[in-house]
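Chains, contacts and geometry: an overview
So you can see what is in the structure, the chains are spelled out below.
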Amino acid sequence: MASITSITDLFIHELSDIYSAEKQLTRALPRLAHAASDAELSGAFQDHAEETQGQVDRIDRIVELLDIRLKRMKSVAMEGLIDEGRDMIDSIAKGPLRDAALIGGAQKVEHYEMAAYGTLCALARHLGYRDAIPLLEETLNEEKQTDKKLTAIAEQGGKNEAATGQPAKRTAT
């Protein structure tokens, strides 16, 4: 890892890491959508794939606005989370139990991203990057909404199905 000697260096490092994470996620989400048996969960992964591309585009805009250069790096944390999801897909038969595991793994990803964007918002405020803050906050809010959506899907029966082996009774929302 390159030397981080200032808050600006830290901002660039964190932005570079989440950029890598989002790029990795754009490749992983279609696989998650295919691996899910619940249509709503599969659709949520497909929707988030499109949203994630928009988040990558927002980072590109931040780079242009601030006239900074991202570091070429791989987000090791996201790589680990994606590997964990791949292991779940490979070791659990398609169905409600796998869906429950996919939801849990996806929420780990969302919480990682929320922490990253929250940190970036705070750093941007400290550095006076006023034009970047709304873009970072928009992505942070999307990550929070995705987490809520995953929780709602789980609460509608995915985890119950996994526990009982029986389809859950769905309620209208």
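Provided above is the structure to which this section pertains.
Attention here is on the structure that accompanies the text. (Residues numbered from 1 in each chain as written. Predicted model: local features only at pLDDT ≥ 70, side-chain atom pairs only at ≥ 80, totals over all residues. Heavy atoms only, no water.)

Before going further, it helps to examine the overall build of the protein. Counting secondary structure elements, the protein contains 5 helices and 0 strands. Seen in sequence order, the protein has helices and strands lined up from the N terminus as α-α-α-α-α. The buried share of the protein, taken over its 173 residues, is 46%. Counting only carbon and sulfur atoms, one obtains 52% of the accessible surface of the protein, whose full area is about 9,200 Å². (Helix = DSSP H or I, 4+ residues; strand = E, 2+ residues; numbered from the N terminus. Buried < 20%, exposed > 50% of the residue type's maximum accessible area, 1.4 Å probe, protein only. Areas by Shrake-Rupley, 256 points an atom, 1.4 Å probe, with all protein chains shown as cover.)

The next point concerns the layout of surface pockets. Of the voids in this model, the largest pocket is the one considered here, and its volume is about 370 Å³. Lining the largest pocket we find 30 residues, and of these Leu29, Leu32, Phe45, Ala106 and Glu110 sit closest to its centre. Sorting the residues of the lining of the largest pocket by element identifies helix 1 (7-35), helix 2 (39-66), helix 3 (76-91), helix 4 (96-127) and helix 5 (132-164) as the ones contributing at least two each. If you go around the second largest pocket, the residues you meet are Ser16, Tyr19, Ser20, Lys23, Arg27, Asp60, Val63, Leu70, Lys71, Arg72 and Met73. The leading source of residues in the lining of the second largest pocket is helix 1, at 5 residues. For the lining of the second largest pocket, the residue count by class is 4 nonpolar, 2 polar and 5 charged. (1 Å grid on protein atoms, 1.4 Å probe; cavity = no way out; pocket = protein on both sides within 12 Å on 5 of 7 lines; lining within 4 Å. Points joined across faces, edges and corners; volume = space filled by probe spheres on them. Nonpolar A, V, L, I, M, F, W, Y, C, P; charged D, E, K, R; others polar.)

On to the packing of aromatic side chains. In this description, a pair of aromatic rings is defined by centroid distance and the angle of the planes. A complete count under the given rule lists 1 aromatic pair for this structure. Considering the side-chain rings of phenylalanine 11 and tyrosine 129, the 5.1 Å spacing of their centres and the 70° angle between planes classify their relative orientation as edge-to-face. Taken together, the residues phenylalanine 11 in helix 1 and tyrosine 129 in the loop between helix 4 and helix 5 connect sequence positions 118 residues apart. Taking relative accessible area as the criterion, phenylalanine 11 reaches 0% and is therefore assigned buried. (Phe/Tyr/Trp six-rings, centres within 6.5 Å; stacked < 30°, edge-to-face > 60°.)

All right, on to the packing of helix 1 against helix 3 then. Contact geometry for helix 1 and helix 3: axes closest at 9 Å, N-to-C directions at 10°. In terms of axis orientation, helix 1 runs roughly parallel to helix 3. Two secondary-structure elements touch here, helix 1 through Asp17, Ala21, Gln24, Leu25, Ala28, Arg31, Leu32 and Ala35 and helix 3 through Val76, Met78, Glu79, Ile82, Arg86 and Ile89. A per-class count over the contact of helix 1 with helix 3 returns 9 nonpolar, 1 polar and 4 charged. (Axes fitted to C-alpha atoms, helices over the stretch in contact; angles between N-to-C directions. Parallel < 35°, antiparallel > 145°, perpendicular 65-115°, else oblique. Contact = heavy atoms within 4.5 Å.)

Our focus in this paragraph is the nonpolar core. Grouped together as the largest cluster of nonpolar side chains are 47 residues, with contacts concentrated most on Phe11, Leu15, Phe45 and Leu136. Element by element, the count of residues in this core is highest for helix 1, at 12 residues. Not counting chain neighbours up to four residues away, the residues in contact with phenylalanine 11 comprise Leu66, Ile68, Leu120, Leu123, Ala124, Leu127, Tyr129 and Leu136. (Core = buried A, V, L, I, M, F, W, Y, C linked by side-chain atoms within 4.5 Å.)

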